Amino acid sequence: MATAISTTTAIELDERRLTVLQREPVEAPRSANEGADPVLEASRLADSDVPDGGYGWVVVASCAILAWWTIGTSYSWGIVQGALVQEGLSTPAVLSFVGALGPTLLAAVAILNSRIMRIIGVRYTGMLGISLIGIAEILASFAVKSVPGLFITEGLLLGLGFGLSFIVTSSIPAQYFSKKRGLANGVVFAGGGFGGAALSLALDPLIRNSGPAWAFRVLGLATITTGLPAAWFLKERTTLRKGGFVEWRLFKDPSFVFVLIAGAIGTFPLLVPPFFLPLFANAIGLSSAAGAGLLAGFNFSSAIGRIVSGLLCDKIGPLNALFLALTLAAVSMLAVWPVSTTLAPLAVFSVVNGMANGGFFSTMPTVVGNCFGSARVTVAMGMIVTSWSGGYLLGAPIAGYLLDAYGGKDGGFQAYRPAMFYAGSLALGAAGFVELVRFRANRNFFARI
């Protein structure tokens, strides 16, 4: 194999650096030792050569299909949970643990999965992940009468598949986009929102007509038949950067620490609305079909929010977009949901919170890529996503235990209010940490950052 050797003069290198500075769409937070950070400098040089399109849109489409099953399956769990609660299998608190275990493992093994992806490549990582998701769903169909069985299939095995798929969808688009990075990530994660909406609408009649077991089987087969071809089209544009499991020097940067803390806190409230909307709808006298429709609206709005937030990342800056998403989520849970005692205000809450919820996912990879370097986005995202483990594991179950403590699912809509205030307060706290990062970079409130 022939090896091409190129030389670059100092003048050419200076011109490339000038081009990078001219094309940089937003200002990135700068730490005290950023000038000595070769990875960040290499990222800026690499970003000057990205195609901002081309085969990148094929990668985006493939990642969107993986996100459809990775995020959409998780966000439609509320339909399955509601049906299993009605059948008397267990309480909402216990079943929300089942639904939360998958996303928890997605986060807990993120650092390991980033290493696996660097070893076997994005294509085979995606194919392995989507296969595990499909197999877990099929096996769960034989465990619908067993809570331990659901923990193993819908929790453990599904979570391992989620983790492999998510690390691909959250890191590879950054290799193909720079100026349009926010839009690309928005489209990818919109796939998860549309998936959640479609699955929410499909699962309710499927469960009512055929039962949870067949619903799981159909879900598993559909995942494998559509996800495997999509994963096959994934490929790296550049060689993935080698390195350890953790890049410890990032912890010396307060901006990285604040982003990590914001994500760790912000994931606690994320799954509360999609897990409990169907049950809350029933508590205010709405039918299961209405609950499914509200959850579908939440997920559809989440998809729109992911695209809008992606565009906002490119227009006003990723940190501004992330702060806006978390603040909107907090306000909707603190001010709108507690007074949503009829269909109309509850529908408004579903739309507003869904858009804000989706914005968190689509902005975070752009924040990491822009602020800490696209060359290290795989490792950095792995570290940040790992910090989400506690929120995914405990966020929705804490809401379930608060519900049980204040009257349970039969205690009326008032029993849900402590869970609403708990979730909204944490979202507001996460927004505060994002604002700290933003003001460290630029105290001008209107700066694009």
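I will try to describe carefully the structure that is included in this document. Keep in mind that what you see is a predicted model, and the values were worked out from it rather than measured. (Residues numbered from 1 in each chain as written. Predicted model: local features only at pLDDT ≥ 70, side-chain atom pairs only at ≥ 80, totals over all residues. Heavy atoms only, no water.)

## A closer look at a nonpolar patch on the surface
Working step 1: A surface patch of nonpolar side chains, amounting to about 760 Å² of accessible area, comprises Tyr55, Val58, Ile119, Ile120, Tyr124, Leu128, Trp232 and Phe233.
Working step 2: In this structure, Val58 sits in helix 3 (residues 56-75).
Working step 3: Accessibility expressed as a relative area gives 32% for Val58, which makes it partly exposed. (Patch = residues over 30% accessible without salt bridge, like charges linked within 9 Å, V, L, I, M, F, W, Y side chains within 5 Å. Areas by Shrake-Rupley, 256 points an atom, 1.4 Å probe, with all protein chains shown as cover. Salt bridge = Lys/Arg side-chain N within 4 Å of Asp/Glu carboxyl O. Helix = DSSP H or I, 4+ residues; strand = E, 2+ residues; numbered from the N terminus. Buried < 20%, exposed > 50% of the residue type's maximum accessible area, 1.4 Å probe, protein only.)

## A word on empty space enclosed by the protein
Working step 1: What the rule picks out here adds up to 6 cavities of 30 Å³ or more.
Working step 2: As a volume, the second largest cavity reaches approximately 110 Å³.
Working step 3: Every element with two or more residues in the lining of the second largest cavity is listed here: helix 3, helix 4 (77-86), helix 5 (92-108), helix 8 (147-171) and helix 10 (212-232).
Working step 4: In terms of residues, the lining of the second largest cavity owes the most to one element, helix 10, which gives 4 residues.
Working step 5: Here the lining of the second largest cavity is composed, by residue class, of 11 nonpolar, 4 polar and 2 charged. (1 Å grid on protein atoms, 1.4 Å probe; cavity = no way out; pocket = protein on both sides within 12 Å on 5 of 7 lines; lining within 4 Å. Points joined across faces, edges and corners; volume = space filled by probe spheres on them. Nonpolar A, V, L, I, M, F, W, Y, C, P; charged D, E, K, R; others polar.)

## Here's the deal with the nonpolar core
Working step 1: One finds Phe276, Leu346 and Trp388 to be the most contacted residues of the largest nonpolar core, which totals 112 residues.
Working step 2: Element by element, the count of residues in this core is highest for helix 15 (residues 343-372), at 10 residues.
Working step 3: In this structure, Leu346 is in contact with Leu277, Phe280, Ala281, Ile284, Leu286, Leu294, Trp337 and Ser340, ignoring residues within four places of it in sequence. (Core = buried A, V, L, I, M, F, W, Y, C linked by side-chain atoms within 4.5 Å. Contact = heavy atoms within 4.5 Å.)

## Focus on the environment of Gln175
Working step 1: In this fold, Gln175 is placed in the loop between helix 8 and helix 9 (181-210).
Working step 2: With relative accessibility at 11%, the residue Gln175 sits in the buried group.
Working step 3: Sequence spacing of Gln175 and Thr238 is 63 residues, and the spatial spacing of their C-alpha atoms is 7.1 Å.

## Details of the side chain of Ser302
Working step 1: Along the chain, Ser302 falls in helix 13 (residues 288-316).
Working step 2: Judged by its relative accessible area of 0%, Ser302 falls in the buried class.
Working step 3: Polar side-chain contacts of Ser302 include one of 2.7 Å to the side chain of Arg306.
Working step 4: Not counting the four nearest positions on each side in its chain, Ser302 is found in contact with Gly193, Gly354, Met355 and Gly358. (Polar contact = N/O pair within 3.5 Å; in protein donor to acceptor, adjacent residues only side chain to side chain.)

## As for helix 7 (residues 122-140)
Working step 1: Along its 19 residues, helix 7 runs 27 Å from first to last C-alpha, staying within 8% of the 27 Å computed at 1.5 Å per residue.
Working step 2: Those residues of helix 7 that fall on the buried side of the exposure criterion are Val122, Thr125, Gly126, Gly129, Ile130, Leu132, Ile133, Gly134, Ala136, Glu137 and Ala140. (Expected span 1.5 Å × (residues − 1).)

## So, the pattern of salt bridges
A side chain with one charge may pair with a side chain of the opposite charge, provided their charged atoms come close.
Working step 1: This model, assessed by the stated rule, comprises 2 salt bridges.
Working step 2: Of the charged contacts, one joins Glu87 and Lys145 as a salt bridge, the two residues approaching to 3.8 Å between their closest N and O atoms. Residue Glu87 is located in the loop between helix 4 and helix 5, and its partner Lys145 is located in the loop between helix 7 and helix 8; the two are separated by 58 residues in the primary sequence.
Working step 3: Relative accessible area serves as the criterion here: at 45%, Glu87 is assigned to the partly exposed category.
Working step 4: The shortest N-O distance in the salt bridge between Asp204 and Arg208 comes to 3.0 Å. Remark: Arg208 and Asp204 occur in helix 9; sequence separation between them is 4 residues, near one turn of the helix.

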